[in-house]
Amino acid sequence: MGRLLGPYTDPSLPGVVVHIVEVEQASGPRHMAIVTSDEAPWLTADQKSGMFDRLLAFESSIDNDDDRRVWLFVEGSAPDGETRSLESAWLDLPDLGSPQDTAAVVLDAVGGPVDLAAEAHGILLGERTAFLLVGDFHGERRMACLVAQSEPRPPCVEGLMSRWYFRRVLRQGTAGFAGGPSVPVWIHRTDSNGLDALSVGVLPLVAYVPTAQTPDGIAAEIMTDSLVTVPTRDGVLRIGAARPGGVHPVVGHRHGSTLEIIGALEAGTDPETFFRNQPNDKTTALTYFGQAVGYLQLGRPRLAFRAYYFYLRFARFRRKKAVREAVELGFEVLRQLDEAQEADYVEWIGGAIADLAYRHGLDEQGSTALWHAGVASSSLGWSDRCIMHFERALASRKPTRHQRARLQMSYGLCLLGFCAGRELDAPLDDRHRGYVAEATNQLRLAVEGYRRIRGERAEWALHSLALELARAADLRGEHGAAAEQLRRLAERPVIARDLALFSTAVVYSLLALRTLSENDDAERQAYLRYCLKLAEGDTIFPSASITGLFHLLLGDALAETGHRGEALGMYGFAHYFQSVGFDTISNALGPDRPLDGWLAIDTIDRILGSAGHAGVSAAPAAMCLADNAKSRFFRRDLGLQLDGLRAPYQGVTLVLDREIRRNLLVRDVDQRIILAEQQWHAEQQIGAREAAAPPRSATGYLVQALHDAAEGDGPATGAELTPATLADLWGRLSEGSALVSLYAGRSRTTITVQTGPGAAPVFHELPVEASALQRIATGLQEHFSGTGLYAKINPKRPSRYDALFWQPFAELGTLLAPVADMLVNRDLVVVSAHGAWHHLPLHALLLPALWRHGLPGPALCYTPSFGLQRLLLARGDTQSWGAFTDMAVTSAPSRTDDVGQFRDAHDRICASLSAATPRLRTAFGVEATKEQFHERSAAQVHHVLAHGIHRAGPDVMRSGLLLSDGDRLPELAGDDDHALPALDLLLRTGIAEHLTVQACSLGRTMVAESDELWGFHRAALGSGARSVLAPLWDINLESSTVLLETFYRHWLHEKMDKHRAWCAAQFAMHQGEYGAAWTHPYHWAAFTMVGV
Amino acid sequence: MTNLDDLAASALRLEPAEATEVLRELLLDADLRAGTARTGSDIDTRVADDLAFLREVARVADIPDEPPGEASPQQLLAVIVEAIPAAQEPVSEALTALDERETSLDMAASIAVASIAISTSAAIIRPLVTFEKERDGDRETIRLKVDVRGVRNLGKVISALLPFLNNGDNSGR
């Protein structure tokens, strides 16, 4: 039986009434409280007392009660909104005072009004909602956000419960974290419907600094972004994510850069302390040291690398002994990485060991580490890094005599290796001639060095050096002398007995004889006979590059003598060894990362050239190999992203994992670190065995299939294209589709056409040189976008200079006629372009040719590769976008634009969308901010009308849109503050299902080695878009608006399929429905639809 | 618009970006007339060649290497109109084309104005001048022969161009 006291109120808190129930316990009187919104408690004192008795009994039974704890029953909102509900809550008092004192504390704990300002819905291992509460806390406007199950609705987000919950979160957050008072939002994530908030204990909270301005935007952002961002003094944003289990992955983030994971925060550790202590955290360093050792023992070098990476970050090296230990551990990791052929990681760790060793006077170890880094760079085809490592090692103070000779020899050998392949396709350029000169110099120095050293290794090195010097002579143009010298060397018993030396001698001889015989028929026939004889054997050499070159040279000879089938087999082997080399590259190849040497040789062009003559059975494998050679890193990273979507982990762990995967798509990050982190993270979640199982590479199967020696359809999983995954792609495309793949070799483009899932791919050759294609593409850009010295196109008289700019491209149309004939009556043509074709509007040639056959002709969409397209479609199975009726238009004119014209275009686009949806969200002018763009990420269709900046070169991922900063419109002259770069799309989560970018040139891309595509498309597709419509050149506002209006009318009003609607819009403009001037491809063919 | 004074005055009233666009039209027109129009070629190499040619013209014509003022594409265009009769018609056409321009969603031109000024001037002047070498014993002199019907005042054109030659970013992009 208890005493009911009160009611107690506070005039500054209207609508909060507290009744205290005093109950007698063995230990003395206890206070309980009922918090309601009016002064007429509707329960009797006995009833209240009974409630508390039951509550106390339960909490005591689970050891959750304390004499100083005041249990509360707080009025919440019942589901029907009419009846009242009471939820149990609690607060701890320092001392038991009078009932009035207790009531005052309770009133303070509940506090003033709290608004449920926004809700954002999403999928995080089931349906979740972010409930954003806004209220005053200690005189400041603050926010708390509960991310919980959407249903049943959490009791603590409404009524008086929301006030108690809000202040509970704020009290804990600000008390437990040094920077707490300045944190604008505290997030509480839970896998339940928030009932854990009502129980005693520390809530897992995440401090958050939102970028969105509005409550809706903040809630949406929290649903898609989970990370803590805390500004610190040095301008660095530190980001961490709290995991319910207690360990907090901690991530460092600099302004404008991407994630870098720097450690793990143990439960109970203050994040500020953690950051302050590094890199002087001995305990953490030792933990990682131990991890590295452990992973070495398990034979897991990439995970050992990750641990070593963190170890170096946290350790402070005061004593030389510690440095020696660190260097020795580094070499152990390096050795395992080397054995696992992880050349990319060897390059990193070699450089890192050298930094550490040189800094502490361990020059010998430093030079050895750099030797490893240099050799690894060479095998990756990275001449600049290779030269940097060797030059640094040779410039160090005191490499030993043997070390110096070895460095010189390897340096020379690597430089010559960078010329391999160049000579097969074209004469050496100045840079490579420079490599040959420097290689000759280094090799001669190495000979001098080794002559002063005794022993077998030195003897072997001198033989090897003789071969390399002969090769250098060949590359200098002394082919006859080189061939003769190589012949004599190959006859030396010591070389003839050593397979590594002998195979080198053979391949170098072939290279010399091949060039020597170019202008002499008799010599040529002798050379070819020699090659055919060699081709009778089955030869694998110790070096992958020598083996690959050997097969390539024999393939060329077989093709030249008409043995196409055998040539295909040889090229297949060569390609296989090359793809093994590509597999060792972790960092995606960017526009500033050229490949040199063996990996740069075009084996695919040779395979396609022979496959066309080798019969039907080789065609599917050749088509798949060509496809897999495109966008291989984008495909790999998207594949990992897809794996993450298929096997979602829990709560914030999912989000962190997603962040890691997304970072793979960003070029600025060292992807070696991200990949290692991703692997470690995956193992923590799904177990080592499953995570460690590498996807089976399809290359081996496809190479076998080239000559009908493979069984089945190849791997059905993984990101690569195989006959099995190709069948899966066909299953995801609409009926009546066709696939068209282009491959731009040096002297021809091979076009592969497959017109149905059962149809054999057909090859068609276009005799056009890659350099000519590039000139045509550059010419089009010069005229359409004004990127050259000549005048830009006049939109009202676009055909005025066609003879100079358009005609060279239009002439290719004649060559494409047989391809167009194969596509008649198709519904959709999916084109995977290659090389300079990415910059050219193939649709401007193909579609008019098809329209001549009658209507409706096929629609044409593009994709970076078919393998990638399959992943994009598969991602749609698991990814949720907004409702179909959820659409948005964002329009930002510049300060110098005619705002009226822009407004008119904006209104017309809005009108064409609004008739299809009741939920069109629009922003124009200063409202069209980056934040607003991101807030539209859940939309199904998002149309952006703004100025676009395409940045050619390494900065291509900083291409983007110019939007408002919230106060002012953007300026046209390179205004970075207003830019929404492609990189930002990747760093954020989510994007509309279909994105139309009505902004100049944002459909342009940069093509890096291995046909890796970079630009706005990559970012939009990588961050979740299914299709992106963007222009290849600078567009005209009027004609592009009409084109896109027509597209939306067909798609959204008339309910045509998206691709058909797009084709119909292009057709209407091409046919002159909007005037003769706009029948020019500058107007109707400006946009490409990427994705299906 | 055929009146010479009107044309020059119109050129001076243009915005710098507009004047630059007219210079580009002139360049294209000159290259097409000369049969040297090329697309997809290396801009840097061309601008470097054109710059060397104009410097040689200025040196041989003994034009003082002191820029009289700021680099102004409008001023250069006005001078070209006045000094080179053959340029008047294409300038007039280009001005008409400018009036037809509509809003585009691009950024400002990415090519340095100086590069356009240099190459346009070189393309216009090159067909109108010839270098003649004279040898007197060991001494070789070069004379510049200017088609007076084609260029009324070469010195004025070069002077208007000098600020671009000396101060401009001639790196092409």
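Residues numbered from 1 in each chain as written. Chains lettered and ligands numbered in written order. Predicted model: local features only at pLDDT ≥ 70, side-chain atom pairs only at ≥ 80, totals over all residues. Heavy atoms only, no water.

1. What to know about the overall build of chain B
- When you go through chain B residue by residue, the secondary structure sums to seven helices and two strands.
- Order of helices (α) and strands (β) in chain B, N terminus to C terminus: α-α-α-α-α-α-β-β-α.
- Within chain B, the proportion of its 173 residues that are buried is 49%.
- Partitioning the intrachain contacts of chain B with sequence separation of at least 6 by distance along the chain shows that 84% fall at a separation of at least 24.
- Element-wise, carbon and sulfur atoms account for 46% of the exposed surface of chain B, whose accessible area totals about 8,600 Å². (Helix = DSSP H or I, 4+ residues; strand = E, 2+ residues; numbered from the N terminus. Buried < 20%, exposed > 50% of the residue type's maximum accessible area, 1.4 Å probe, protein only. Contact = heavy atoms within 4.5 Å. Areas by Shrake-Rupley, 256 points an atom, 1.4 Å probe, with all protein chains shown as cover.)

2. A closer look at the packing of helix α6 (residues 282-297) of chain A against helix α7 (residues 301-314) of chain A
Residue and element names in this part refer to chain A.
- Interhelical geometry of α6 versus α7 gives an angle of 160° and a closest axis separation of 8 Å. Classified by the angle between their axes, α6 and α7 sit roughly antiparallel to one another. Where α6 crosses over α7, the handedness of that crossing is left-handed. Facing Thr 284, Ala 285, Tyr 288, Phe 289, Gln 291, Ala 292, Tyr 295 and Leu 296 of α6, the residues of α7 in contact are Leu 303, Ala 304, Arg 306, Ala 307, Tyr 308, Phe 310, Tyr 311 and Phe 314.
- Classifying every residue of the contact of α6 with α7 gives 13 nonpolar, two polar and one charged. (Axes fitted to C-alpha atoms, helices over the stretch in contact; angles between N-to-C directions. Parallel < 35°, antiparallel > 145°, perpendicular 65-115°, else oblique. Left-handed = near helix turned anticlockwise from the far one by under 90°. Nonpolar A, V, L, I, M, F, W, Y, C, P; charged D, E, K, R; others polar.)

3. Quick notes on empty space enclosed by the protein
Residues and elements named next belong to chain A.
- This structure, assessed with the given rule, holds seven cavities of 30 Å³ or more.
- Here the largest cavity defines a volume of roughly 200 Å³.
- For the largest cavity, the lining is made up of 19 residues, of which His 838, Tyr 862, Leu 1013, His 1017 and Val 1090 are closest to its centre.
- Those elements that place two or more of their residues in the lining of the largest cavity are β19 (859-863), β27 (1012-1014), α39 (1016-1022) and β29 (1087-1090).
- Counting residues per element, the lining of the largest cavity draws most heavily on α39, at three residues.
- Considering only residue class, the lining of the largest cavity consists of 11 nonpolar, seven polar and one charged. (1 Å grid on protein atoms, 1.4 Å probe; cavity = no way out; pocket = protein on both sides within 12 Å on 5 of 7 lines; lining within 4 Å. Points joined across faces, edges and corners; volume = space filled by probe spheres on them.)

4. Description of helix α33 (residues 812-823) of chain A
All names here are of chain A.
- Across its 12 residues, α33 extends 17 Å between first and last C-alpha, which sits within 8% of the 16 Å expected from 1.5 Å per residue.
- Those residues of α33 lying buried are Leu 812, Leu 816, Val 819, Ala 820 and Leu 823. The buried side chains of α33 occupy one side of the element, clustering within an arc of 110° when seen end-on.
- Asn 825 lies just past α33 and shows a positive phi near 70°. (Expected span 1.5 Å × (residues − 1). Arc of directions from axis to C-beta.)

5. Topic: the nonpolar core
- A:Trp837 and A:Leu961 are the most contacted members of the largest nonpolar core, which totals 260 residues.
- The greatest single-element share of this core, amounting to 11 residues, is contributed by helix α9 (residues 343-359) of chain A.
- Excluding residues within four positions of it along the chain, A:Leu961 makes contact with A:Phe933, A:Val944, A:Ala946, A:His947, A:His978, A:Ala979, A:Leu980, A:Val997, A:Ala999, A:Leu1002 and A:Phe1016.
- Within the second largest apolar cluster, 59 residues are counted, among which are B:Leu54, B:Ala78, B:Ile118 and B:Leu165. (Core = buried A, V, L, I, M, F, W, Y, C linked by side-chain atoms within 4.5 Å.)

6. Looking at a positive patch on the surface
- Judged by side-chain charge, A:Lys282, A:Arg316, A:Arg318, A:Arg319 and A:Lys321 come together as a positively charged surface patch.
- Mapped onto the secondary structure, A:Arg318 falls in the loop between α7 and α8 (320-339). (Patch = residues over 30% accessible without salt bridge, like charges linked within 9 Å, V, L, I, M, F, W, Y side chains within 5 Å. Salt bridge = Lys/Arg side-chain N within 4 Å of Asp/Glu carboxyl O. Lys, Arg positive; Asp, Glu negative; His and termini not counted. Charge placed at Lys NZ, Arg CZ, Asp CG, Glu CD.)

7. Side note on the interface of chain A and chain B
- Taken together, the contacts link 39 residues of chain A with 31 residues of chain B.
- Carbon and sulfur atoms make up 55% of the area that chain A and chain B hide from each other, which totals about 3,000 Å².
- Summed over the three residues of chain A that lose the most area to chain B, namely A:Leu789, A:Tyr790 and A:Leu804, the buried surface amounts to 25% of that side.
- Summed over the shared surface of chain A and chain B, the result is two salt bridges.
- Residue B:Glu93 pairs with A:Arg800 through a salt bridge whose shortest N-O separation is 2.9 Å.
- Mapped by element, the contributors of at least two residues to the side of chain A that touches chain B are α30 (770-784), α31 (802-805), α36 (899-914), β22 (941-949) and α40 (1037-1053) of chain A.
- Take the side of chain A that touches chain B: its biggest share by element is five residues, from β22(A).
- Considered class by class, the residues forming the side of chain A that touches chain B number 18 nonpolar, 13 polar and eight charged. (Buried area = accessible area lost by both parts, 1.4 Å probe.)

8. What to know about the packing of helix α21 (residues 564-583) of chain A against helix α22 (residues 603-611) of chain A
Residue and element names in this part refer to chain A.
- Remark: α21 packs on α22, axes separated minimally by 9 Å, with the N-to-C direction vectors making an angle of 155°. In terms of axis orientation, α21 runs roughly antiparallel to α22. Relative to α22, the crossing made by α21 is left-handed. Judged by residue contacts, Arg 564, Ala 567, Leu 568, Tyr 571, Gly 572, Ala 574, His 575 and Gln 578 of α21 engage Thr 603, Ile 604, Arg 606, Ile 607, Gly 609, Ser 610 and Ala 611 from α22.

9. Quick word on unusual backbone geometry
Residues and elements named next belong to chain A.
- The backbone of His 138 sits at a positive phi, close to 50°, despite the residue not being glycine.
- With respect to the helices and strands, His 138 occurs in the loop between β7 (127-137) and β8 (140-149).
- With a phi close to 45°, Ser 631 is a non-glycine residue in the positive phi region.
- Overall, the relative accessible area of 0% leaves Ser 631 in the buried class.

10. Some details on the packing of aromatic side chains
All names here are of chain A.
- Inspection of every chain in the model, using the stated rule, returns 25 aromatic pairs over all chains.
- On the basis of an interplanar angle of 70° and a centroid distance of 5.0 Å, the ring pair of Trp 851 and Phe 1067 is categorised as edge-to-face. Residue Trp 851 is found in helix α34 (residues 842-851), and its partner Phe 1067 is found in helix α41 (residues 1058-1070); the two are separated by 216 residues along the sequence. Here the two residues Trp 851 and Phe 1067 agree in accessibility, since each one is buried.
- Three or more aromatic residues joined by ring pairs make a cluster, and in this case those are Tyr 288, Phe 305, Tyr 309, Phe 310, Tyr 345 and Trp 348. (Phe/Tyr/Trp six-rings, centres within 6.5 Å; stacked < 30°, edge-to-face > 60°.)

11. Here's the deal with the pairing of β7(A)
All names here are of chain A.
- Buried residues dominate β7, accounting for nine of its 11 residues.
- Sheet topology note: the β7/β8 ladder contains 10 bridges and is antiparallel. Considered in β8, the bridge of Arg 128 is made with Gln 149.
- Here β7 folds back onto β8 in antiparallel fashion, the turn holding two residues, of which His 138 has a positive phi close to 50°. (Pairing = 2+ DSSP bridges.)

12. Quick word on the environment of A:Ile673
All names here are of chain A.
- Tracing the chain through its elements places Ile 673 in helix α26 (residues 671-686).
- As a C-alpha pair, Ile 673 and Ser 192 span 481 residues in sequence and 34 Å in three-dimensional space.
- Dropping the residues within four chain positions of it, Ile 673 is found in contact with Phe 305, Tyr 309 and Trp 348.

13. Here we look at the pairing of β29(A)
All names here are of chain A.
- With burial as the criterion, each face of β29 is covered, one bearing Phe 1087 and Met 1089 and the other bearing Thr 1088 and Val 1090.
- Where strand β28 (residues 1027-1031) and β29 come together, four bridges link them in antiparallel fashion. In the strand pairing of β29, Pro 1031 is matched with Phe 1087.

14. A few points about the pattern of salt bridges
Residue and element names in this part refer to chain A.
- Taken as a whole, this structure holds 48 salt bridges over all chains when the rule is applied.
- The partner of Asp 904 in a salt bridge is Arg 908, and the shortest N-O contact between them spans 3.0 Å. Separated by four residues within a single helix, Asp 904 and Arg 908 lie in helix α36, roughly one turn from each other.
- On the accessibility criterion, Asp 904 (37% relative accessible area) is partly exposed.
- A single network of salt bridges, built from pairs that share partners, joins Asp 344, Glu 347, Arg 385 and Arg 672.

15. Quick look at the side chain of A:His942
Residues and elements named next belong to chain A.
- Along the chain, His 942 turns up in strand β22.
- Polar contacts involving the side chain of His 942 include one to the side chain of Thr 890, which spans 2.7 Å.
- Filtering out sequence-adjacent residues up to four positions away, His 942 remains in contact with Ala 888, Val 889, Thr 890, Phe 933, Arg 936, Ala 992, His 994, Leu 995 and Thr 996. (Polar contact = N/O pair within 3.5 Å; in protein donor to acceptor, adjacent residues only side chain to side chain.)

16. Digging into the confidence of the model for chain A
Residues and elements named next belong to chain A.
- Predicted confidence across chain A gives a mean pLDDT of 84, with 85% of residues reaching 70 or more.
- This model gives residues 226-262 a pLDDT under 50, and the stretch forms 119 contacts once residues within four places in sequence are excluded.
- Across residues 648-655, confidence stays below pLDDT 50; counting only partners more than four residues off in sequence or on other chains, it has 25 contacts. (pLDDT = per-residue confidence, 0-100.)

17. Brief notes about α8(A)
Residue and element names in this part refer to chain A.
- Taking 1.5 Å per residue as the helical rise, α8 with its 20 residues ought to reach 28 Å, and the 28 Å between its terminal C-alpha atoms agrees with that figure.
- Listed in full, the buried residues belonging to α8 are Ala 322, Val 323, Ala 326, Val 327, Leu 329, Gly 330, Phe 331, Val 333, Leu 334, Gln 336 and Leu 337.
- Looking at the packing, one finds that the buried side of α8 touches α6, α7, α9 and α10 (363-380).
- Just downstream of α8, Gln 341 is the residue with a positive phi angle, here 60°.

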